[in-house]
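# Descriptive structure summary
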Amino acid sequence: MKRVIYLDNAATTKVRPEVVEAMLPFYTENYGNPSSVYDFSAPCKEGMAHTRETIAKALGADSSEIYFTNGGTESDNWALTATAEAYASKGRHIITTQIEHHAILHTGQYLEARGFEVTYLPVDETGLVEIAELKKAIRPDTILISVMFANNEIGTIEPIREIGELAKERGILFHTDAVQAFGHEPINVDEYHIDMLSASAHKLNGPKGVGFLYIRKGLKLRSFIHGGAQERKRRAGTENVPGIVGMGKAVEIALAKMEENKKKETELRDYLIRRIMSEVPYTRLNGHPAKRLSNNANFAFQFIEGESLLIMLDMEGICGSSGSACTSGSLDPSHVLLAIGLPHEIAHGSLRLTLSEETTKEEIDFTVDCIKRIVERLRSMSPLYEDFVKSREKKDIRL
């Protein structure tokens with residue numbers, strides 16, 4: 001079997017054995033519907049209540065403020081559309097950023113088509129939102145600010161505390177997409193003045209298809225999915241009990257190991273960055289050099305296509321991701337990389353590597369060696385690189 005080095009943990013993570021073990025009884029033994037009144041369903045109710053309390057404790061929230069969803073995308077959609085609907089009489093202006101996940105950006109476009117105005121804030125070259133720009137964007141009719149906690153592509157951690165303080169001062173609701181950060185960074189909703197927060201289990205070694213939305217008490221948000229009276233009449237549909245129990249277990253482990261994992265991942269991440277930046281010329285590190293997720297490294301290699309690099313890394317058993325996305329049969333550069341100022345031709349040559357606690361130094365060394373070899377090969381086939389080298393040679397001769 002081919003060796004696999006998995007460095008795409010921002011996309012999804014491996015489910016921990018302890019999480020699987022916690023989930024299994026709710027498929028085979030405790031399989032009752034949690035909305036049923038008989039005793040057989042009691043373990044399901046108890047399992048869900050335990051997860052709710054675990055998440056609430058992690059956020060410094062109350063368990064009654066945690067609502068289960070099928071993941072980050074649903075939570076993001078719910079936060080924006082329900083806020084727009086509930087507070088439309090107060091105003092129809094929403095502020096977000098140009099580097100949000102498409103779950104936010106596309107929901108913003110959906111709301112724009114229904115008469116709301118959305119301001120998409122620019123970011124600086126490291127991906128940080130500038131508070132001065134946010135202040136300028138606020139209007140009397142602004143009802144919501146939605147800024148992600150940490151960017152899923154370049155790993156930049158936003159000034160969430162300052163944004164939350166400004167939102168509270170101006171009487172504006174504040175939502176953060178914390179899908180990449182929850183379980184990896186300490187978050188307290190009161191300290192950061194967060195009114196709504198989205199998260200997903202599969203980003204922290206939990207199962208896919210389950211997440212939650214934190215909604216601060218007192219917010220008059222209505223249901224996003226209509227039907228039954230589940231989730232205190234705010235989210236219809238029979239709950240994914242095994243997934244919810246698994247998420248609770250994953251959160252417990254993530255919190256217990258957070259500092260240990262951050263330390264290890266940061267050391268390996270910095271080692272990876274040092275090797276790439278010193279050994280592969282004409283390379284840029286994307287994202288903030290210090291204010292970034294501990295496991296995220298995103299590079300832009302000039303004179304190559306990121307998709308070709310990914311394919312050749314895959315042949316070596318290395319799983320990474322590119323800033324490019326395939327849309328309607330054509331490759332478009334990442335909206336995040338364009339927003340931080342990269343020209344199209346450089347944005348196309350991006351590579352995101354995201355580590356886990358299981359990543360080893362040996363795997364990093366093997367990966368860097370492969371990247372060096374592949375980049376050199378791809379550049380040798382690039383007319384642009386050839387012209388660049390010739391122009392430098394001519395310049396040296398003149399000097």
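Report follows, based on the coordinates. (Residues numbered from 1 in each chain as written. Predicted model: local features only at pLDDT ≥ 70, side-chain atom pairs only at ≥ 80, totals over all residues. Heavy atoms only, no water.)

## Comments concerning a nonpolar patch on the surface
- The grouping of Tyr31, Val37, Tyr38 and Phe40 at the surface amounts to a nonpolar patch, some 500 Å² of accessible area in total.
- Tracing the backbone shows Tyr31 in the loop between helix H2 (25-28) and helix H3 (42-59). (Patch = residues over 30% accessible without salt bridge, like charges linked within 9 Å, V, L, I, M, F, W, Y side chains within 5 Å. Areas by Shrake-Rupley, 256 points an atom, 1.4 Å probe, with all protein chains shown as cover. Salt bridge = Lys/Arg side-chain N within 4 Å of Asp/Glu carboxyl O. Helix = DSSP H or I, 4+ residues; strand = E, 2+ residues; numbered from the N terminus.)

## Examining the state of the cysteines
- Using the criterion set out here, one finds 0 disulfides in the structure.
- In this model Cys370 remains outside any disulfide bridge; the closest cysteine sulfur is found in Cys319, 12 Å from its own.
- For Cys370, a relative accessible area of 1% translates into the label buried. (Disulfide = S-S within 2.5 Å. Buried < 20%, exposed > 50% of the residue type's maximum accessible area, 1.4 Å probe, protein only.)

## What to know about the packing of aromatic side chains
- Going through the model one piece at a time under the given rule, you end up with 11 aromatic pairs.
- Note on Tyr67 and Trp78: the rings are 5.9 Å apart at their centroids and 75 degrees apart in plane angle, and the pair reads as edge-to-face. Highlighted residues: Tyr67 in strand E2 (residues 66-69) and Trp78 in helix H4 (residues 72-86), separated in sequence by 11 residues. An identical accessibility class is assigned to Tyr67 and Trp78; each is buried.
- For the ring pair Phe303 and Tyr385, a centre distance of 5.2 Å and an interplane angle of 55 degrees mean the geometry is tilted. Of this pair, Phe303 sits in the loop between strand E10 (296-301) and helix H10 (306-315) while Tyr385 sits in helix H14 (residues 383-398), and the two are 82 residues apart along the sequence. (Phe/Tyr/Trp six-rings, centres within 6.5 Å; stacked < 30°, edge-to-face > 60°.)

## Considering the pairing of strand E6 (residues 173-177)
- Extensive coverage of E6 is indicated by the burial of 5 of its 5 residues.
- The side-chain alternation of E6 yields two buried faces, one formed by Leu173, His175 and Asp177 and the other by Phe174 and Thr176.
- The pairing of strand E5 (residues 142-146) with E6 spans 3 bridges and is classified as parallel. What sits directly across from Ser146, in E6, is His175.
- Note on the crossover from E5 through helix H7 (residues 160-170) to E6: the handedness is right-handed.
- Bridge count for E6 against strand E7 (residues 196-200) is 3 bridges, and the pairing is parallel. When the sheet's bridge partners are listed, His175 is paired in E7 with Met196. (Pairing = 2+ DSSP bridges. Right-handed = clockwise from strand over helix to strand, strands pointing away.)

## Focus on the nonpolar core
- Membership of the largest hydrophobic core comes to 62 residues, with the highest contact counts inside it found for Ile55, Leu59, Ile145, Phe182, Ile187, Leu197 and Phe212.
- Ranked by the residues each element gives to this core, the list is headed by helix H9 (residues 241-279), at 7 residues.
- In this structure Phe182 touches Ile55, Ala58, Leu59, Ile187, Ala199, Leu204, Phe212 and Val251, once residues within four positions along its chain are discounted.
- Among the nonpolar cores identified, the runner-up in size contains 28 residues, and Leu272, Ile273, Ile318 and Ile371 belong to it. (Core = buried A, V, L, I, M, F, W, Y, C linked by side-chain atoms within 4.5 Å. Contact = heavy atoms within 4.5 Å.)

## A few points about the sheet that holds strand E4 (residues 117-121)
- Read from one edge of the open sheet, 7 strands run E2-E8-E7-E6-E5-E3-E4, paired in mixed fashion. Two strands bound the open sheet, and with one partner strand each, they are E2 and E4. Each strand of the sheet is rotated relative to its neighbour by a mean of 20 degrees, with strand direction disregarded.
- Pairing analysis gives 5 bridges linking strand E3 (residues 93-97) to E4, with the strands arranged parallel. Each bridged residue has a counterpart across the sheet, and for Thr97 the counterpart in E4 is Leu121.
- Along the sheet, helix H5 (residues 102-112) makes contact with E3, E4, E5 and E6, crossing E4 at roughly 150 degrees. (Axes fitted to C-alpha atoms, helices over the stretch in contact; angles between N-to-C directions.)

## Some remarks on unusual backbone geometry
- One non-glycine residue with positive phi stands out, namely His193, at about 55 degrees.
- Structurally, the position occupied by His193 is in the loop between E6 and E7.
- According to the relative accessible area criterion, His193 is partly exposed, its value standing at 22%.
- Located in the positive-phi region is Phe303, a residue other than glycine, with phi close to 70 degrees.
- The exposure class assigned to Phe303 is buried, which follows from its relative accessible area of 18%.

## A closer look at the sheet that holds strand E14 (residues 350-354)
- Spatially, 3 strands are ordered E9-E10-E14 in an open sheet, and the strand pairing comes out antiparallel. The open sheet terminates on both sides in strands that have one partner only, identified here as strand E9 (283-286) and E14. Put simply, the sheet's adjacent strands are angled 25 degrees from each other on average, direction ignored.
- Of the strand pairs in this sheet, E9 and E10 are connected by 4 bridges, and their pairing is antiparallel. Across the sheet, the residue bridging to Thr283 is Phe301, located in E10.

## A word on the pattern of salt bridges
- Within the structure shown, the criterion is met by 26 salt bridges.
- The partner of Lys361 in a salt bridge is Asp365, with the nearest N and O atoms 3.6 Å apart. Taken together, the residues span about one helical turn, with Lys361 and Asp365 both in helix H13 (residues 361-380) at a distance of 4 residues.
- If you follow the salt bridges from partner to partner, you end up with Arg275, Glu279, Lys361, Asp365, Asp369 and Lys372 in one network.

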